[in-house]
Amino acid sequence: MSRVMKSSSQKMSKKGRPSTTVATGVKRRPKQKKPQLLRGMKDVLSPEQPYWEYVLESSRQTSRAYGYDRIDTPIVEELQLFTRSIGGTTDIVEKEMYAFETKGGDLVALRPEMTAGICRAYVEHGMMNLPQPVKLWTDGSCFRYDRPQAGRYREFHQVDWEIIGSAHPALDAEMIAVGTHLLTDLGLGVIALVNSIGCGECRPPYLAVLKDYYRTHRKRLCEDCQVRFSKNPLRLLDCKNEQCRALGNEAPQSVDHLCDACREHFTKVLEYLDESQVKYRLQPRLVRGLDYYTRTVFEFILERDQEEMNPSALLSGGRYDRLIAILGGLESTPAVGMAMGVERVILAVKEFGVEVSPEPKPDVFFAQIGETARKASFKIFEELRQAGIAAAANIAKNGLSDQLSLANKANARITLILGQKEMIDHTIILRDMETGSQETIAQDKLVEILKKRLHH
Ligand code: AMP
């Protein structure tokens, strides 16, 4: 007996799905909710692809130009990698992680950012034995279970750069310069906001001063900040609530409480930035949502958003001198990194009206008439592909007029027409779609003639 009892009115349809017979005699499948895109996720359809290509290709070129090597790490990692690195009391870890237990009982999470995975790989593959620093870059999707809104998604894409194995302040500046050049090349007017949040030496005494200040105003803090006050006081400065922001503006600044080494480091970073063509501004209340940062932190916003209350960051990063050690690497492996939000950059590129090159059109459209021509077309497609000629077609169609209208829609410059007569003569018709003129050529000359016409 089957495990699931079916009611007498429910039979299996041909495809094995249950169907219901209703009083009218018409068979209907029980209504099921259609599968839908998850909230905060998106499909990138064809018209959107040229923007992705534009941003990702520029990122690739910039990474190559500055000597970064590509690395790819898995989207799923051990949960503890993120709790240990990003910090157990951050919003990302506390509220936004896509964490789950696998069938084998492992606690894992979808990566909410790239740095932790890259640092794990650095330690695990002994990259400390390579000449230091190691410069790595990657791109891919990240996941945060946040409230979706414009420019904030639950699956989003980052391009990420890391320089691991040097504490030199020139590298902080180089990173900010790379961000500036890339965003400027993409056609965006941006400015880098820069701050230093100190190190393990000077941050605790600064946090004590910060808490003293906020203690006297505790009643005016929002609900989230009441928790931040005891758990993660640096993040008090980052609250978007209007009243908390007003308090933040008067709060003690980390730059005034840096130890000598951190002050010297930051001064050097600014000196290097002054030498470069980077547009930057000191932003004494800039902190980051991830605990692993030390010393320099920065983020890029659109220059025109400078006066806005909550400008959206296109690219953010900073120094993280303790992270590699936390993940089991050598005690002193300082590093600096940054990540760019691809969706946010694309939104800005569109808003700025930057023209991106459209997806390349097919070189030719191939129309075939009749079964013999259809069979012969497979061989011709392969010859075209090997010659680097992109051919569009719809070999399921028979009629010539249908195929010519497809050729028009595909915007191909040339349409090839292969019919019964051409099959017998070993010829093919070449139709110029702009002028409408046609000529018949020998099939074995096709590639050669097309190459000339298309200037391949
Ligand atoms: P973070 O890893 O938080 O430093 O973020 C680096 C960059 O990723 C930010 O500057 C944003 O451009 C982008 N980003 C972060 N979170 C999201 C999100 N939920 N949706 C879209 N982009 C994001």
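Residues numbered from 1 in each chain as written. Predicted model: local features only at pLDDT ≥ 70, side-chain atom pairs only at ≥ 80, totals over all residues. Heavy atoms only, no water.

Caption draft 1: Broad picture of the packing of helix H1 (residues 49–65) against helix H11 (residues 342–351). Interaxial distance between H1 and H11 falls to 10 Å at its minimum, and their mutual angle equals 110°. Comparing the axis directions of H1 and H11 gives the class roughly perpendicular. H1 and H11 meet at a crossing whose hand is right-handed. Of H11, the residues touching H1 (which contributes Tyr51, Trp52, Tyr54, Val55 and Leu56) are Val342, Glu343, Val345, Ile346, Val349 and Lys350. Partitioning the contact of H1 with H11 into residue classes produces nine nonpolar, no polar and two charged. (Axes fitted to C-alpha atoms, helices over the stretch in contact; angles between N-to-C directions. Helix = DSSP H or I, 4+ residues; strand = E, 2+ residues; numbered from the N terminus. Parallel < 35°, antiparallel > 145°, perpendicular 65-115°, else oblique. Left-handed = near helix turned anticlockwise from the far one by under 90°. Contact = heavy atoms within 4.5 Å. Nonpolar A, V, L, I, M, F, W, Y, C, P; charged D, E, K, R; others polar.)

Caption draft 2: Summary view of the site of the ligand. Taken together, the neighbourhood of the ligand is formed by 15 residues, with Arg144, Tyr153, Arg288, Ala313 and Ser316 sitting nearest. With respect to the ligand, the backbone of Leu314 contributes an N or O atom lying 3.0 Å from an oxygen atom. When the ligand is considered free in solution it has 480 Å² of accessible area, and contact with the protein chains removes 93% of it. Taken together, the elements giving at least two residues each to the shell around the ligand come down to strand E9 (155–164), strand E13 (315–319) and strand E14 (335–341). A per-class count over the shell around the ligand returns seven nonpolar, four polar and four charged. (Near = heavy atom within 4 Å. Polar contact = N/O pair within 3.5 Å; in protein donor to acceptor, adjacent residues only side chain to side chain. Areas by Shrake-Rupley, 256 points an atom, 1.4 Å probe, with all protein chains shown as cover.)

Caption draft 3: A look at the sheet that holds strand E16 (residues 391–393). Strand order in this open sheet of five strands is E16-E15-E17-E18-E19, and the pairing throughout is mixed. Both outer strands of the open sheet, E16 and strand E19 (438–442), are each paired with one neighbouring strand and no more. Each neighbouring strand pair of the sheet contributes to a mean axis angle of 30°, computed without reference to strand direction. In this sheet, strand E17 (residues 414–418) lies alongside strand E15 (residues 364–368) in parallel orientation, the contact comprising five bridges. Following the sheet pairing, Ala367 is matched in E17 by Ile417. Contacting E15, E17 and strand E18 (427–432), helix H13 (residues 400–410) runs over the sheet at an angle of about 170° to E15. (Pairing = 2+ DSSP bridges.)

Caption draft 4: Structural view of the nonpolar core. Residues Ile164, Tyr214 and Leu237 are the most contacted members of the largest nonpolar core, which totals 52 residues. Among the elements that take part in this core, helix H4 (residues 115–124) stands out by supplying six residues, more than any other. In this structure, Leu237 is in contact with Tyr206, Leu210, Tyr214, Gly248, Ala251, Arg285 and Val287, ignoring residues within four places of it in sequence. Listed in part, the 45 residues of the second largest apolar core include Val55, Met175, Ala192 and Met338. (Core = buried A, V, L, I, M, F, W, Y, C linked by side-chain atoms within 4.5 Å. Buried < 20%, exposed > 50% of the residue type's maximum accessible area, 1.4 Å probe, protein only.)

Caption draft 5: Quick peek at the confidence of the model for the protein chain. For the protein chain, the average pLDDT comes to 91, and 94% of its residues sit at 70 or higher. Note on residues 1–22: pLDDT is under 50 here. Beyond four places in sequence and across chains, it has 30 contacts. (pLDDT = per-residue confidence, 0-100.)

Caption draft 6: Fine view of unusual backbone geometry. Omega for the peptide link from Gln132 to Pro133 comes to -5°, which places this bond in the cis form. Structurally, Pro133 can be placed in the loop between H4 and strand E8 (134–143). For Asn411, which is not a glycine, the phi torsion comes out positive at approximately 65°. The backbone of His426 shows a phi angle near 55°, a positive value even though the residue is not glycine. Here His426 lies in the loop between helix H14 (420–425) and E18.

Caption draft 7: Representation of the pairing of E8 within the structure. Counting buried positions over the 10 residues of E8 gives 10, a clear majority of the element. Both strand E4 (residues 69–70) and E8 contribute to a ladder of two bridges, which runs parallel. For Asp69, the partnering residue across the bridge sits in E8 and is Leu136. Where E8 lies against E9, 10 bridges are found, and the strand directions are antiparallel.

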